[in-house]
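Analysis of the macromolecular model
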Amino acid sequence: MYDELPVPLTAAQVNTDLTRNITQTGWLWWAILGLFGSVFGWGALVFAYQIYNGMGAYGNNRPIYWALPIINFVFWAGVALSGTMISAILRLLHAGWRRSLTRMTETLTVCALAVAGVFPLLHIGRNWTFFWMLAYPNERQLWPNYKSPLLWDATAISVYLTTSVIFWYSGLIPDFAILRERTQGWRRTLYTVLCLGWRGTDREWRRLKVLFGILTVMIIPVFVSLHTIVGWDFGMSIVPGWHSNIFAPYFVCGALYSGCGAVLIIMYCVRRSFHLEQYILPKHFDNIGKVLFSISLLWFYFFAGDAWSDWFSRDPSHINWLYFMFHGYKWVLALILVFGILVPFSMLAFGKVRRTPWLMLLVGISVNIAMFSERVTVVIPAPSRNILTWGNYTPNWVGISVTAGAIGLFGFLYTLLSKFIPIVSIWEFREGDHAEGLERVGGGEMPVVIREEAIG
Amino acid sequence: MFDNDNILTSPRSIALSVDASSPLQLVLDEPQQSRLTKLRLMTLICVGLVLAAGVAIYGYAYFGHHRNDPSFWHISLVSLLFWIGLSQGMVALSALLRITHASWRYPLNRLLDIGSLFGLWGPLLLPVLVITRRQIYALGSSDYRDNVWRLSGPIFWDALTIGTAFLAGWMLLYLTSLPDFAILRDRAGEGSKEKKFYTRLAWFWRGSEHQWRVLRRAEGVLVVGILTTFVGSQTVLGWDFQLAAARNWDSSIFAPLYTLSSLLGALALAVLLMTIANRILRGRGFFNSEHYNNLGRFMVAIGLVWFYFRFCDYLTAWYGHLPEEWLIQQSRTSTFPVLVLLMIIGCFGAPVFGNMIPAIRKQPWASCTISLLVLVGLAAQRYLDTVPTFAPRYGTQALLPTLPAIVVFFGIAAMFILTYLLAIRYIPIISWWGIGKSQTRIAQRKMGNTIVTVMVEDPPLWET
Amino acid sequence: MAETTVLGLFEEIEQAASALNRLRGEGGKATEDLMVMSSVPFPEGVLESDKSPIRLTTVTAVFAFVGIAFGILLAGGTAQLYLIPGGGKPISPAPSIGIIAYEMMMLFALTAAFIAALYEMRLPSWRSKVYDTRISEGLIGIAAHCADEEQAEKAEQLCRDAGAADVRRDARAFE
């Protein structure tokens, strides 16, 4: 059990290791950036094509007004959810192993949320008038309708983006101060500005701790509200299949599920590409795997509970959407069942699998395939009507390109940011050195930790 | 880094400490005369209430002229579900604290685990109360008549899941009590009744390394089992109503809402039990402000989530404004404003805003007041979720709680209390070995200018 | 000799703590003349040089209420100015106002907490101040603000006695 105690590293060693992603740039980084950038570029070109040809380019039609752009929006908002959740909840529970993971998951949130925010703008049709949605006095006498869940959603996304950037940046300040001492030239100037003159005095640390206490507790209801309102985008309508009071918690769980999968993917990629094998240990994969396993059960509970009560009640209007799910979209349903239930359940139950990083990468990818498919079954079958046989909607090259472009944009942002910030929080990692230790007891050594004072 | 002296305290010093032994003495020693009188009186009252409830169910309703009284049957049914939910919630709470390695859990676990003993006799009432609710046909769900007795119907699942959840609770209670029974066996006077009794109960528990390993393993398995069966049983209890396809009952949010409500009620009961245990043990300091603090914060969290689910339920009906849905929501608030207020204060206002202030949640009496409000709120919720569904057919007057229904509610509550009164006669209310374990793993160390608390990191329960 | 600051750099927590205590005791330094600098935080009270009250929680609570008021005005108030009737619902319905007020509460509270924290930390401040780059490499700095040469020498001696890895003078601003 105690096989993977962290090797004691000196402060200088930790600083060197964790700033290496900033100080050294190889060709591979440029290649990856270029790859993601060109995929994103292709998506942007297709977006220009969409502006020229109108929203019809997506193949959206009368019953299916919402298709791939909204599916993408829900998906990326979901991915964004878990980054901050993992970081905030682990801080709240004083889990010692959070220290290596907080930064990369918070960065995940910031990038994914930026991607999610693009899609509503992309989907409004006349994209150049997006500022009509903002609330400001104007000669058009137009005002946003605050009764609409879509506006709640826009508000929630802005709030979550602002607060998660604050959360992310607050943790970065002490690390920027370390980078200030470790870089030269324009970078040094940049970090001197970004660290705001941080010196690490007792005064500063005390405030930072209290600030984290407040942020950690209060950001949890913010991210819950974000995906709740995404759920209400659907739940507030009276379309059977969408009009369900369980949609809000169901969406939150789904978001946590895909987000935790994304955390696994990010962990693996960061660990491999920046050689952080001493910092991101198999135990981290193990623990995130356990979290993912319990979330998968919770998600399954809501997923099944939602479909189940409609199915059992035999209410004709409710059976309609299930009919589409079981017929036209049965392959999508099969993807959910295989990648969202069969694969994770059979793999995550084994400690050996959870401790093997590349297998956990596969689990992360599998969960995300399933959750993308789940978004498809949420968005499309409910408004479908018996007009065509396959279902009412088939994705075309425009939608698929934009979907790929989203992945490109996310990868591009994350790769770019990883060049400017320590991807593992340096001060949090080194804080662990003071808080953890070994104690000789009887015939063995046992890990002991300092009990942290409660937050709040 | 922490190289002062050894972190482990020897078991000997724990065995000799008066504090750790006091729960054992409670079982072995005869209670004082004044306490004995009190206990007897309470037992008598509880037995009286249980008998009165029986009279109400059989005499008044079943063989009397009230077989078609939806109010009586449903209040009785939800009273039972309420207490089943609470007792399972307590075991689940205990399991949750174990699985999250809460370092303050040790004195609390046993108190919560005893709740599962309610399952030995409480659920026996369930078939009686379920069979009689014939008014459900009046809601127009003819399917229910066929479904109710089928193996794929909710009633059969009820028996299965409630039974499994309680079974897991009993096993956990018994296994984790084994080391305590063993020390009672060794401490009881030679040839006494107790000696015989605890020798039977403790079998050959010797505290060998193998036994401890197996115990820990079993604890891990049971804890996971308890959590899953708890969610399962509460969900199925929600489905009892949900699958009836009666308006408002078909809400898919009932299952998670009831799971949460049971947990909230369990937290409230934990606070109350803790306070009572502290009084019985005359200030041995097993439960201090840290426990009140932690449970209070836990209540804040669960109260918020409760509000979240309730609000989702309300908002979906409000926004959609589908007549049949909205009517139910509206009739609930307009017909039973007091109960709605009680529910919101009890389940949300008191536990969240009351417990948000550290000074209040650390105060035992304030914390107990909040807990009582929570129980009242949860009872009001059970009523509001089930009974107003009959309003269109029976009229509101027929749905108000009547005296017999109230007697049944308190009768079932008395069954619950009686369970505790009987159990604490034979089981130490605080686990002796748990206290020992907690004391061996925590030490004070000097660091810089302060003293910090150092703990041994527990490996997860399921990896031994 | 004008004001100066003595900066002792320590490798171990215990050395730094002993230096801090001796500067306080034998050195007779007031709390505001002492400063602990470190690139990692310590548990509460391990090395404490700052006793100023922290008002972040209060600020957060106050701005939470400001946010609620703003949200009510935004969703409920402006709706009365630009009427959008529809959906069989009132112009300013409570649930929508509640949701927007909730979001605004969070936005105001968290932003205020962040800004107030910076204000209380006296950041941003890009002016050059007492510091040593080795602090970011893991050394613990104890800075003592001294009024004259005699005090400074005494402080240097105390730091050395406590086992400092290095002691130096720093003429830059203390705070």
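Description of the structure in this document.

What counts and how
- Numbers given to residues run from 1 along each chain, matching the order in which its sequence is written.
- For naming, the first written chain is A and the first written ligand is 1, with later ones following in the order written.
- Only residues with pLDDT of at least 70 get local features here, since the model is predicted, and only at 80 or more are side-chain atom pairs given and counted; chain-wide, interface and lining totals rely on the full set of residues.
- The basis for every side-chain value is the complete set of non-hydrogen atoms in the structure, without hydrogens or water.
- Paired strands, as defined in this entry, are two strands with at least two bridges between them according to DSSP.
- Each helix is a run of DSSP H or I of at least 4 residues and each strand a run of E of at least 2, with the numbering of both proceeding from the N terminus.
- Between N-to-C directions, angles span 0 to 180 degrees; the directions come from axes that are lines fitted to C-alpha atoms, helices contributing only their stretch in contact.
- Only heavy atoms matter for contacts: two residues are in contact if any of them lie within 4.5 Å across the pair.
- To estimate how far a helix should reach, multiply one less than its number of residues by 1.5 Å.
- The cut-offs for exposure are 20% and 50% of the maximum accessible area for each residue type, with area from a 1.4 Å probe on protein chains only; residues under the lower value are buried, those over the upper are exposed, and the others partly exposed.
- Defined in terms of a 1.4 Å probe, buried area is the accessible area two parts forfeit on being brought together, summed over both.
- One side-chain nitrogen of Lys or Arg within 4 Å of one carboxyl oxygen of Asp or Glu is enough to make a salt bridge.
- What qualifies as a polar contact is a pair of N or O atoms within 3.5 Å, subject to a donor-acceptor requirement within protein and to the restriction that residues adjacent in sequence count only when both atoms come from side chains.
- Three classes are used, and their members are as follows: Ala, Val, Leu, Ile, Met, Phe, Trp, Tyr, Cys and Pro are nonpolar, Asp, Glu, Lys and Arg are charged, and the others, Gly among them, are polar.
- Oblique is the label for any angle not covered by the other classes, which are roughly parallel (under 35 degrees), roughly antiparallel (over 145) and roughly perpendicular (65 to 115).
- Crossing chirality is assigned from the near helix's rotation relative to the far helix, an anticlockwise turn below a right angle marking it left-handed and a clockwise turn marking it right-handed.
- By disulfide we mean two sulfur atoms from cysteines, separated by a distance within 2.5 Å.
- Patches were defined on residues exceeding 30% relative accessible area and lacking a salt bridge, with like-charge contacts within 9 Å and nonpolar side-chain contacts (Val, Leu, Ile, Met, Phe, Trp, Tyr) within 5 Å.
- Surface exposure here means Shrake-Rupley accessible area, sampled with a 1.4 Å probe, where a residue is shielded only by the protein chains that are shown.

1. Describing the sheet that holds strand 1 (residues 4-10) of chain C
All names here are of chain C. What the four strands build is an open sheet, ordered 2-3-1-4; its pairing is antiparallel. The open sheet has two free edges, formed respectively by strand 2 (34-37) and strand 4 (166-170), since each of these has just one partner strand. Each strand of the sheet is rotated relative to its neighbour by a mean of 20°, with strand direction disregarded. Relative to strand 3 (residues 140-146), strand 2 runs antiparallel, the two sharing four bridges. Paired with Val36 across the strands is Ile142, a residue of strand 3. Seen against the sheet, helix 1 (residues 13-25) touches strand 1, strand 2 and strand 3 and runs at an angle of roughly 15° to strand 3. Sitting on the sheet, helix 4 (residues 149-161) is in contact with strand 1, strand 3 and strand 4, with an inclination near 160° to strand 4.

2. Concerning helix 12 (residues 289-320) of chain B
All names here are of chain B. Taking 1.5 Å as the rise per residue, helix 12 with 32 residues should run 46 Å; its terminal C-alpha atoms sit 46 Å apart, in good agreement. Across the 32 residues that make up helix 12, a large majority, 23, are buried. At the exit of helix 12 stands His321, carrying a positive phi of roughly 55°.

3. Here's the deal with the interface of chain A and chain C
Contacts between chain A and chain C engage 57 residues on the former and 66 residues on the latter. The junction of chain A with chain C conceals about 5,500 Å² of combined surface from both sides, 66% of it contributed by carbon and sulfur atoms. Residue A:Arg207 is joined to C:Glu120 by a salt bridge in which the shortest nitrogen-to-oxygen separation is 2.8 Å. On the surface where chain A and chain C come into contact, there are 25 residue pairs in polar contact (both at pLDDT 80 or more). Of all elements in the fold, only helix 1 (11-23), helix 5 (149-182), helix 6 (185-194), helix 7 (202-235) and helix 15 (426-435) of chain A reach the threshold of two or more residues within the side of chain A that touches chain C. The element contributing the most residues to the side of chain A that touches chain C is helix 7 of chain A, with 18 residues. Counted by class, the side of chain A that touches chain C contains 30 nonpolar, 14 polar and 13 charged residues.

4. What to know about the side chain of A:Asn127
Residue and element names in this part refer to chain A. Mapped onto the fold, Asn127 is located in the loop between helix 4 (102-123) and helix 5. For Asn127, a relative accessible area of 9% translates into the label buried. At 3.2 Å, the side chain of Asn127 and the backbone oxygen of Leu122 are in polar contact. Residues contacting Asn127, with those up to four places away along its chain left out, are Phe47, Gln50, Ile51, Leu121 and Leu122.

5. Some remarks on the side chain of A:Thr155
The topology assignment puts A:Thr155 in helix 5. Engagement of the side chain of A:Thr155 in a polar contact is seen with the backbone oxygen of A:Leu151, the distance being 2.7 Å. If sequence neighbours within four positions are ignored, A:Thr155 has contacts with C:Ile100, C:Glu103 and C:Met104.

6. Let's talk about the packing of helix 7 of chain A against helix 3 (residues 94-121) of chain C
Viewed as axis vectors pointing N to C, helix 7 of chain A and helix 3 of chain C meet at an angle of 160°, and their least axial separation amounts to 10 Å. Our classification of the angle between helix 7 of chain A and helix 3 of chain C gives roughly antiparallel. Handedness of the helix 7 of chain A/helix 3 of chain C crossing: left-handed. Across the contact of helix 7 of chain A with helix 3 of chain C, the residue classes tally to 18 nonpolar, one polar and five charged.

7. As for the state of the cysteines
Residue and element names in this part refer to chain B. Enumeration over the complete set of coordinates arrives at zero disulfides over all chains. Cys347 takes part in no disulfide bond, and the closest cysteine sulfur to it belongs to Cys312, at a distance of 16 Å. Overall, Cys347 belongs to the buried group, its relative accessible area being 0%.

8. Looking at the pattern of salt bridges
Applying the stated rule across the entire model yields 31 salt bridges over all chains. Across the salt bridge formed by B:Arg98 and B:Asp113, the nearest N and O atoms sit 2.6 Å from each other. Of this pair, B:Arg98 sits in helix 4 (residues 70-99) while B:Asp113 sits in helix 5 (residues 106-113), and the two are 15 residues apart along the sequence. Of the charged contacts in the structure, one is a salt bridge between C:Arg168 and C:Asp170, with a shortest N-O distance of 3.3 Å. C:Arg168 gets classed as partly exposed once you look at its relative accessible area, which sits at 23%. The structure contains a network of salt bridges with shared partners spanning C:Asp132, C:Arg134, C:Asp166, C:Arg168, C:Asp170 and C:Arg172.

9. So, unusual backbone geometry
The step from C:Leu123 to C:Pro124 runs through a cis peptide bond, and the omega angle for that step is -5°. Here C:Pro124 shows up in the loop between helix 3 and strand 3. Even without being a glycine, A:Leu196 presents a positive backbone phi close to 60°. Mapped onto the elements, A:Leu196 comes out in the loop between helix 6 and helix 7. Its identity as a non-glycine residue notwithstanding, C:Arg122 has a phi of 60°, on the positive side. A relative accessible area of 42% means that C:Arg122 is categorised as partly exposed.

10. What about a nonpolar patch on the surface?
A surface patch of nonpolar side chains, amounting to about 670 Å² of accessible area, comprises A:Leu121, A:Ile124, A:Phe130, A:Phe131, A:Trp132, A:Met133, A:Leu134 and A:Leu142. Relative to the elements of secondary structure, A:Trp132 occurs in the loop between helix 4 and helix 5.

11. Section: the environment of C:Phe70
All names here are of chain C. Along the chain, Phe70 turns up in helix 2 (residues 56-81). Put simply, Phe70 and Ile100 are 30 residues apart on the chain and 9.2 Å apart in space, counted from C-alpha to C-alpha. For Phe70, the contacting residues outside a window of four places in its chain are Met104 and Phe108.

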